[in-house]
Number of protein chains: 2
Amino acid sequence: MTNQKEDRILLAHGSGGGLSEHLINEIIRPYINNPDMGHDDAAVLSLNGQRLAFTADSYVVSPLFFAGGDIGRLAVCGTVNDLSTAGAIPQYLSLSFIIEEGLPITDFKAILQSIKDSAVEANVHIVTGDTKVVGKGAADGIFINTSGIGIVPQGINPTAQNIKAGDQIILSGTVGDHGITIMSLRNELGFGGTLKSDVAPLNHMVEAALKVCPYMSAMRDPTRGGLTAALNEFSQACGLKIIIDEQSVLVNDAVAGACSMLGFDPLYVANEGKMLFVCPPNRVDDVLQSVKSSKYGTQATVIGEITNEKGVSVSVRTHLRALRRLDVIYGELLPRIC
Amino acid sequence: MTNQKEDRILLAHGSGGGLSEHLINEIIRPYINNPDMGHDDAAVLSLNGQRLAFTADSYVVSPLFFAGGDIGRLAVCGTVNDLSTAGAIPQYLSLSFIIEEGLPITDFKAILQSIKDSAVEANVHIVTGDTKVVGKGAADGIFINTSGIGIVPQGINPTAQNIKAGDQIILSGTVGDHGITIMSLRNELGFGGTLKSDVAPLNHMVEAALKVCPYMSAMRDPTRGGLTAALNEFSQACGLKIIIDEQSVLVNDAVAGACSMLGFDPLYVANEGKMLFVCPPNRVDDVLQSVKSSKYGTQATVIGEITNEKGVSVSVRTHLRALRRLDVIYGELLPRIC
């Protein structure tokens, strides 16, 4: 770290890449000296014998509305999915708005409608909330924070630390749809026609997968930093190298086209409706079948495995059978995609 | 409501006054059709027989640092106090940052230190969180959202609906300190010297008061909209008129001076370290003594009572024994005080 990086917060500090990691681990964590503060997307707490998952996220996506969803759907689904990665059944959400003065109330109502529809779909209840309004120019349209509580059933304990050599990795569908949709809109690149965010609540998919595999090693929704960031977190947590197979990772044609024109790698682009499942090899067929029969998992594939080689690395085997390292990028790929 | 008001979000929609009520009850609530969504500051939920309080708030105060505290202390104390009003013992907090690109990291570290100190004082644990960075001009320095979970002990159920005729109202100290401190700083009015925010965690005070009065009718921390907004919420919830005694409401000299110069009524100005207790008359002496012996309640007084007259109104008896109505103001007193 140079002094310059220590000086001011940069956009890249929020990208989900290496600088984000630095911000969280080197700057924030020393002040939150707390053994309960884990490295997973949701904390699992024990309250009088009842295990609860608890998580919170702010949503600052720009633009507010995009093909396939809007900031409201994102705010419900993102938090529902984070609870799901802990094996929890999401129950209750809080909903906090920071609104910029001047937001058209018709826009606000469209966002509220989307929140309502997504909450009904995910079967979660919004029970508390808060609204702040800031002056013109002090925010950008609207920011939403949702926090959530879920119940973790007995015996369920998926966490990246549980990952073992030989575990198989299932991905529930295509990569890059959300990030590339947002980027295309922001830059008015005109790829609009067929691009569509994948934002969706995945709790029903996860619940079904845990029924056939209660001893799921870990789950993660590959959002900021994409598939690469999520897999690197897995490798760091378990200390084993990971290899995935390029041809098993599906990319929609429109996303692949946009990525190739823009020089982006879809393995680094954010998703908002995909789940990674890491499970023992003897359960992989059942989990895959369960995910494929759920609404948002029809294109699920086994994308790779946890090797028995110690170390922290993620590699992709190309169609020419070469191994290419997928390192966490240090700086900014695309700000404000969620 | 005129069409113009329906058109766009105004600063006054976030003020805690009548327009805030309109925004929440007429615009947001229809989309959150949920019987669990109460009118208190925290929701109380039943999870497998365990009663939990759950609340969330965003903090957008400007400036970030002020005499007596900063946005970090505010973010911890505000959520701790909201949990306390439900009779809960605060346990866990989430902590979400939305940071404007360019925030000096020394400022961020000062805020983190303050969060840590306040969390230690309140004996709560920060267990999950999130950090987003937005571009220059898309936020104002830093916004913080905290959500919190607390355990509500058996038999404890303070809620505005429980308020009964004859109940006594205790206020834990002076009014107006926080709001006037912020306003003075924002307008560079030069009252600076003796003004100081009262921001403080009140959970230990509340816990002690509930020990001597488990059947407390209701509690509320009079933040946005001040004492007047909190008492009007009580009157609306119980359907009984409320009368308070002007001379029993304490105002620090510096606050009184600033209010009189600026034409503000301290009964409408926000507090961040005060609690209102509503209790049966036979418990008032014990509650008052308990509050007075706590760190932030030494100046507590009985300020009034719930009358047996049906209706929604709050009045203050002046030192000339006249009754003056304290109506909720419709628009904006002071934006971004918390």
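Bear in mind that the values here come from a model prediction, so they are computed numbers and not experimental data.

Reading the values: the criteria
In every chain, residue numbers begin from 1 and rise along the written sequence. Chain A is the first chain written and ligand 1 is the first ligand written, with later ones labelled in order. Residue-level local features of this predicted model are given only where pLDDT is at least 70; pairs of side-chain atoms are given and counted only at 80 or more, and the full residue set underlies all totals for whole chains, interfaces and linings. Side-chain descriptors were evaluated using all non-hydrogen atoms of the structure, hydrogens and water having been removed beforehand. To obtain an axis, a line is fitted to C-alpha atoms, over the contacting stretch when the element is a helix, and the angle between two such axes runs from 0 to 180 degrees between their N-to-C directions. For helices the rule is a DSSP run of H or I covering at least 4 residues; for strands it is a run of E covering at least 2, with both sets numbered from the N terminus onward. Reported orientations rely on four angle classes, namely roughly parallel under 35 degrees, roughly antiparallel over 145, roughly perpendicular from 65 to 115, and oblique for the rest. When the near helix sits turned anticlockwise from the far one by under a right angle, the crossing is termed left-handed; a clockwise turn instead gives a right-handed crossing. Between two residues, a contact is recorded if the distance between any of their heavy atoms is within 4.5 Å. Gly is put with the polar residues, along with every residue not named as nonpolar or charged; the nonpolar set is Ala, Val, Leu, Ile, Met, Phe, Trp, Tyr, Cys and Pro, and the charged set is Asp, Glu, Lys and Arg. The domain limits used here are those given by an automatic or database domain assignment. Accessible area that two parts lose when put together, with a 1.4 Å probe and added across both, is what the buried area reports. Two strands are said to pair when DSSP picks up at least two bridges between them. The set of buried Ala, Val, Leu, Ile, Met, Phe, Trp, Tyr and Cys residues whose side-chain atoms join them within 4.5 Å is what this entry labels a nonpolar core. Throughout this description, buried means an accessible area under 20% of the type-specific maximum (1.4 Å probe, protein chains only), exposed means over 50%, and partly exposed covers the range between.

A. Spatial organisation of the packing of helix H2 (residues 18-28) of chain A against helix H4 (residues 105-122) of chain B. Two elements in contact, H2(A) and H4(B), have axes whose closest approach is 11 Å; the angle formed by their N-to-C orientations is 55°. By the angle between their directions, the pair H2(A) and H4(B) is classed as oblique. In the packing of H2(A) onto H4(B), the handedness of the crossing is right-handed. Across from Leu23(A), Ile27(A) and Ile28(A) in H2(A), the residues of H4(B) making contact are Ile105(B), Phe108(B), Lys109(B) and Leu112(B). Within the contact of H2(A) with H4(B), the residues separate by chemical class into 6 nonpolar, no polar and 1 charged.

B. The arrangement of the domain arrangement of chain A in detail. Residue and element names in this part refer to chain A. For chain A, the domain assignment lists domain 1 (34-151) and domain 2 (160-325). Between the C-alpha centres of domain 1 and domain 2 there is a distance of 23 Å. At the interface, 26 residues of domain 1 touch 26 residues of domain 2. Between domain 1 and domain 2, the buried area comes to about 2000 Å², and carbon and sulfur atoms account for 56% of it.

C. Local environment of the environment of Gly102(B). Here Gly102(B) lies in the loop between strand S5 (89-100) and H4. Sequence-wise, Gly102(B) and Ile27(B) are 75 residues apart; in three dimensions their C-alpha atoms are separated by 35 Å. Apart from the residues within four sequence positions on either side, Gly102(B) is in contact with Arg8(A) and Ile9(A).

D. Spotlight on unusual backbone geometry. At the junction of Ser62(A) and Pro63(A), the peptide bond is cis and its omega measures out at 0° in the coordinates. Of note, the phi angle at Asn123(B) is positive, near 60°, even though the residue is not glycine. If you trace the backbone, Asn123(B) turns up in the loop between H4 and strand S6 (125-134). Positive phi is not limited to glycine here, since Arg321(B) has a value of about 70°. Mapping Arg321(B) onto the fold places it in the loop between strand S13 (314-317) and strand S14 (323-325).

E. How the structure looks around the sheet that holds strand S2 (residues 50-59) of chain B. Residues and elements named next belong to chain B. Strand order in this open sheet of 5 strands is S1-S2-S7-S5-S6, and the pairing throughout is mixed. Unpaired on one side and paired on the other, strand S1 (43-47) and S6 mark the two borders of the sheet. Along the sheet, successive strands turn relative to each other by an average axial angle of 20°, direction set aside. Its contacts with the sheet place H4 against S5, S6 and strand S7 (142-151), and it is angled at close to 175° to S5.

F. Main features of the nonpolar core. If you look at the biggest cluster of nonpolar residues, it comprises 47 residues, and the most contacted ones within it are Ile71(A), Phe97(A), Phe108(A), Ile115(A), Ile142(A), Ile144(A) and Ile9(B). If you list the elements that add at least two residues to this core, you get helix H3 (71-85), strand S5 (89-100), helix H4 (105-122), strand S6 (125-134), strand S7 (142-151), helix H5 (177-186) and helix H8 (253-262) of chain A together with helix H2 (18-28) of chain B. Top contributing element to this core by residue count: H4(A), with 7 residues. Looking at which domains feed residues into this core, each of domain 1 (34-151) and domain 2 (160-325) of chain A gives three or more. Contacts of Ile144(A), omitting those with residues within four sequence positions, involve Asp57(A), Ser58(A), Tyr59(A), Ile71(A), Gly72(A), Ala75(A), Leu95(A), Ser96(A), Phe97(A), Ile111(A) and Ile115(A). Counting 40 residues, the second largest nonpolar core, distinct from the first, contains Leu23(A), Leu103(B), Ile111(B) and Cys338(B).

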